[in-house]
Amino acid sequence: MERTAKVNAAPPDRDQIAAAARALGAFRDGAFRIHCLTNMAAAAFTADVLLALGARPSLTHAPAEVEHFSSSADALLVNLGTLDEDRISGFTRAVAVMNKRRAPWVLDPVLCDRSRPRRALALELLGLKPAIIRLNQGELRSLTGGAENDAAGALAREHGVTVIVTGERDFVTDGERAARIGSGHAFMDRGTAFGCAGAAVTAACAGIGQAPFEAAVSSLLIFNRAGAITGRAAAGPGSFRPLFLDALFHMTASDLSTADFHNIEAAS
Amino acid sequence: MERTAKVNAAPPDRDQIAAAARALGAFRDGAFRIHCLTNMAAAAFTADVLLALGARPSLTHAPAEVEHFSSSADALLVNLGTLDEDRISGFTRAVAVMNKRRAPWVLDPVLCDRSRPRRALALELLGLKPAIIRLNQGELRSLTGGAENDAAGALAREHGVTVIVTGERDFVTDGERAARIGSGHAFMDRGTAFGCAGAAVTAACAGIGQAPFEAAVSSLLIFNRAGAITGRAAAGPGSFRPLFLDALFHMTASDLSTADFHNIEAAS
Amino acid sequence: MERTAKVNAAPPDRDQIAAAARALGAFRDGAFRIHCLTNMAAAAFTADVLLALGARPSLTHAPAEVEHFSSSADALLVNLGTLDEDRISGFTRAVAVMNKRRAPWVLDPVLCDRSRPRRALALELLGLKPAIIRLNQGELRSLTGGAENDAAGALAREHGVTVIVTGERDFVTDGERAARIGSGHAFMDRGTAFGCAGAAVTAACAGIGQAPFEAAVSSLLIFNRAGAITGRAAAGPGSFRPLFLDALFHMTASDLSTADFHNIEAAS
């Protein structure tokens, strides 16, 4: 991954870990509101993840209401899973509100490599300037026309967006800086909606006022570290899910600074 | 809370506890059908809660079908979360069937304080005479015009509805009588849809034939007591959820009569 | 049940158990794509079940996208729960794609005995030739006009479909052959969406190339055996669900061949 962005991707440094720790504290103290336009398989778990951290999720996508919710939200998540006409209409309205307020939103173009209309919608939304986009290699390839080399960095520079590319290690770039973060635990790929919920935590970190690159790194540090902790206790991908929420709830700054998680050669 | 209703709110008495115990037995023996028009984040958990108790949930909201399901349901839940046009149309049709059959329904105006159209819909539905409404302080304030004093009691008297106000302790009034019930456990606020599922249990208690005030108290005794039991075993809000369903499944009459739960000064 | 099909229903034999074991291996190696048009209460758990086995679920029902997902899916599930207009339109489009590709799809007419329009839709979809239909006794009765005797076998012969009838034991027939399989554990009836997710596993077994009767038997062997294993460890229907996913994840061929599960007189 590092090479593809043509920027030097490093493990998170002390400042980034401190920023993630500040995010943990802010969630617990601040009652931040994160509005999540997400798919029906991810809705409950996404809300649970935000609540475990102390943030306040809302989920409504109805065109008549989405502006009301967006106008009092600290950040917005736009997830393209299980699309329907209502949700598409809701996206545009919610994004317009956030952009007008200069409030951050995160785009998660789930499975845009499986459907041409979804790919077109993802590109249209990318043009509306999300703070951060989160995607996997297949989705990145479908949006950037096939080239993997420098794809994430180029996407970041072209759209002024921070890009998270998930994979064996997660990779973050804003086109200039880059970081790589251990992806947590393999069970996160064997249960639905972990990626979707991770993007909601990214929105939450942006919602407390962290700049896009910082918010992306903070959220991955928190989310993936919770996965690594949980992986030591879970017997399988089913018991992993409730224990993961427990880990988010109990996470402390000292959990984030553990060195072996950041020496991530063996992670996931 | 007690003062706001200008009625004397007492902990549940022996008769109320006996009524809750009868409800537990009825669910297990009676195959009661509870139709739940609820939001996408609450659907699965709401069904799981009813199934754990022995009731039979259904969830369809499509306008073409909702009358068929309502006409054979023992009670109906109307929850305003994640609204869309289909669900709004479904509400009106389902409520009309229940009212014609003189069968009970419960209104849960989730987050009506966050959206003007939702507040208007909540007021419209309140005019259609639910047996019971369940809301938190913010939602109560949005529906009653700002005054907290006597708000719940006045709402109850004006609409002939039993009002449940959730909070640090839950409060029930029909405008004349009032009761307060320990709210169970703080983890119920750190996972999504506990309130929504609690309202479904209230509908279920009404569905077995308990009068609205009695049904409201019974359901809170069952639901919150399960929360208190679970709170002693759960390591966090994630493991709380499956253990809560286990607690509902195994709950007995003797679990309900434990005195220290009703001396609720320290609850939650 | 055996009598109703007028065919000799036997416990699964060595060949059927070997086919189920091959399915387990194929899921883990093959990255098979199963598109699930399912209800909102079942979506997350259905995806979790497929992911635990190693298959790749997708869930989109939007008319504009469902053909794109179906055209690259190895199998399709059509589940009639929580219907709406979008989903109905999505069904027809997705089924047309699968039929044109001669790819298998499974019909789960959830609660078609509770709603006349849903029963009509189930019959219409049955006419479009699913490989397999899965229903319970009440649903079977509503589709076959009331006669229980030979209902499943007659349905199978009339429509050229393999029929799974769930109950105290599950029953499979293609009109000529029949098998009965222990139903796993009673907790599967005390949590939502176990039947829906089981039908998705049936679709997955068809998606790896097993013929309909074989796929139906394989999927029930895998799914119900996981239930029986889980039932020995779970304290209630809540803890059952995560442990069930763990059991699917860890299931081996030797788990399937345990004799006492197939001497099913005492099962469930």
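See the structure shown above.
Reference entry: report on the structure contained in this document. Every value quoted in this text rests on a predicted model; they were computed, and no experiment measured them.

The rules behind the values
- Residues numbered from 1 in each chain as written.
- Chains lettered and ligands numbered in written order.
- Predicted model: local features only at pLDDT ≥ 70, side-chain atom pairs only at ≥ 80, totals over all residues.
- Heavy atoms only, no water.
- Pairing = 2+ DSSP bridges.
- Helix = DSSP H or I, 4+ residues; strand = E, 2+ residues; numbered from the N terminus.
- Contact = heavy atoms within 4.5 Å.
- Axes fitted to C-alpha atoms, helices over the stretch in contact; angles between N-to-C directions.
- 1 Å grid on protein atoms, 1.4 Å probe; cavity = no way out; pocket = protein on both sides within 12 Å on 5 of 7 lines; lining within 4 Å.
- Points joined across faces, edges and corners; volume = space filled by probe spheres on them.
- Nonpolar A, V, L, I, M, F, W, Y, C, P; charged D, E, K, R; others polar.
- Least-squares fit on C-alpha atoms with pLDDT ≥ 70 in both.

1. As for the sheet that holds strand E6 (residues 132–136) of chain B
Residue and element names in this part refer to chain B.
Next up, step 1: Pairing is mixed in the open sheet, where nine strands are placed in the order E1-E9-E8-E7-E6-E5-E4-E2-E3. The sheet is open, and its two edges are formed by strand E1 (9–10) and strand E3 (56–58), each paired on a single side.
Next up, step 2: In this sheet, E6 lies alongside strand E5 (residues 105–108) in parallel orientation, the contact comprising two bridges. For Leu107, the partnering residue across the bridge sits in E6 and is Ile133.
Next up, step 3: Its contacts with the sheet place helix H6 (residues 116–126) against strand E4 (75–79), E5 and E6, and it is angled at close to 160° to E5.

2. Considering the sheet that holds strand E9 (residues 178–182) of chain C
All names here are of chain C.
Next up, step 1: Ordered in space as E1-E9-E8-E7-E6-E5-E4-E2-E3, the nine strands form an open sheet in which the pairing is mixed. Looking at which strands have only one partner, the edges of the open sheet turn out to be strand E1 (9–10) and strand E3 (56–58).
Next up, step 2: In this sheet, E3 lies alongside strand E2 (residues 33–37) in parallel orientation, the contact comprising three bridges. Bridge pairing links His35 to Ser58 in E3.

3. A look at empty space enclosed by the protein
Remark: the empty space left among the atoms is shown by a probe the size of a water molecule rolled over them.
Next up, step 1: This structure, assessed with the given rule, holds one cavity of 30 Å³ or more.
Next up, step 2: Around the largest cavity, the lining comprises 32 residues; the ones closest to its centre are Ala44, Asp48 and Arg241 of chain A, Arg241 of chain B together with Arg241 of chain C.
Next up, step 3: Here the residues of the lining of the largest cavity are counted per class, giving 20 nonpolar, six polar and six charged.

4. Looking at the relation of the copies chain A and chain B
Next up, step 1: The operation relating chain A to chain B is a screw motion whose rotation component is 120°, with 0.0 Å of axial translation and a residual RMSD of 0.0 Å. Read as a symmetry element, the transformation amounts to a three-fold axis. Among all C-alpha atoms of chain A, that of Met40 of chain A lies closest to the rotation axis, at 3.6 Å.
Next up, step 2: Different-surface contact between copies: only 7% of interface residues of chain A are shared with the interface of chain B.

Fair warning: the whole summary comes from geometry, so function is off the table for now.
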